[in-house]
Amino acid sequence: MNDFLKVIENTLNGRDAFISHCASSDTVQIYVEKGSCEITLDFIKGKINVLENAREFSFAKLRETDEELWVTGKAIKKELKQFVKGKNTPFNALFNGSEH
């Protein structure tokens, strides 16, 4: 996760967003927040969640809510896809078109 955290920090360079992370025995997550919106990358479940005011909604709807954060999220997804390429991770299902 630390390697990917550096990738995200580089991706966010100059963008108006805040990054944080949480790692414990039962969760490994990275949060990217801007205003009332948040993108969460869950490394245990292999999911990307988008929240506004603690309500989950689709990544596509993020474009309507905060286009700058949507662009940031697209860049993060692109980097994540490259990061997991050739590795066996929970995120592989996300990029292989499978539901997770």
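In what follows, the structure referred to is the one given above.
Secondary structure assignment for the protein chain yields four helices and five strands. Secondary structure elements of the protein chain, listed N to C terminal, follow the sequence α-β-β-β-β-β-α-α-α. Scaling as 2.2 N^0.38, a compact globule of 100 residues should have a C-alpha radius of gyration of about 13 Å, and the protein chain matches this with 13 Å. When the backbone C-alpha atoms are referred to their principal axes, the protein chain occupies close to 35 × 25 × 25 Å. Looking at the protein chain as a whole, 38% of its 100 residues are labelled buried.

Let's shift gears to the pattern of salt bridges. In the structure shown here, the tally under the stated rule is three salt bridges. A salt bridge links Asp-66 to Lys-34, with the shortest nitrogen-to-oxygen separation between them at 3.0 Å. Taken together, the residues span a long stretch of sequence, with Asp-66 in the loop between helix 2 (59-65) and helix 3 (67-84) and Lys-34 in strand 2 (residues 28-34) at a distance of 32 residues. A residue is classified by how much of its surface remains accessible, and Asp-66, at 13% relative accessible area, is buried. Notably, a salt bridge pairs Arg-63 with Glu-67, separated by 3.9 Å at the nearest N-O pair. Each of Lys-34, Asp-66 and Glu-68 takes part in one network of salt bridges that share partners.

Moving on to the packing of aromatic side chains. Counted under the stated rule, the structure contains three aromatic pairs. Taken together, a centroid distance of 6.0 Å and an interplanar angle of 65° make the contact between Phe-4 and Phe-43 edge-to-face. Of this pair, Phe-4 sits in helix 1 (residues 2-12) while Phe-43 is found in the loop between strand 3 (37-42) and strand 4 (47-52), placing the two residues 39 residues apart along the sequence. Here the two residues Phe-4 and Phe-43 agree in accessibility, since each one is buried. Of the aromatic side chains, those joined through ring pairs into one cluster are Phe-4, Phe-43, Phe-83 and Phe-91. In this structure, Lys-61 packs its charged tip against the face of Phe-57, placed 5.8 Å from the ring centre. The ring of Phe-59 has Lys-77 lying over it, and the distance from NZ or CZ to the ring centre is 4.3 Å.

Right, let's get into the pairing of strand 1 (residues 18-23). Bridging between strand 1 and strand 2 involves six bridges; their strand directions are antiparallel. Bridging from a neighbouring strand, Ala-23 pairs with Val-28 of strand 2.

Time to look at unusual backbone geometry. The backbone phi angle of Asn-53 is positive, close to 50°, even though this residue is not glycine. Position of Asn-53 relative to the elements: it lies in the loop between strand 4 and strand 5 (55-57). Take Asn-53: its relative accessible area is 54%, and that puts it in the exposed class.

About the criteria used
- Each chain carries its own residue numbering, running from 1 in the written order of its sequence.
- A pLDDT threshold of at least 70 governs which residues receive local features in this predicted model, and a stricter bar of 80 or more applies before side-chain atom pairs are shown or counted, although totals over entire chains, interfaces and linings include all residues.
- Only heavy atoms go into the side-chain values, all of them from the structure, while hydrogens and water stay out.
- Only DSSP runs of H or I reaching four residues or more are called helices, and only runs of E reaching two or more are called strands; each is numbered from the N terminus.
- Atoms counted for the radius of gyration: C-alpha only. Globule rule: 2.2 Å times the number of residues to the power 0.38.
- Three exposure classes are used, based on accessible area relative to the maximum for each residue type with a 1.4 Å probe and protein chains only: buried under 20%, partly exposed in between, and exposed over 50%.
- Salt bridges are identified by distance alone: a Lys or Arg side-chain nitrogen within 4 Å of an Asp or Glu carboxyl oxygen.
- Stacked, edge-to-face and tilted labels apply to pairs of Phe, Tyr and Trp rings (six-membered ring for Trp) whose centres lie within 6.5 Å, assigned for plane angles under 30 degrees, over 60, and everything in between, in that order.
- Cation placement over rings: the criterion is NZ of Lys or CZ of Arg within 6 Å of the ring centroid and within 35° of the ring normal.
- Whether two strands pair comes down to DSSP finding at least two bridges between them.

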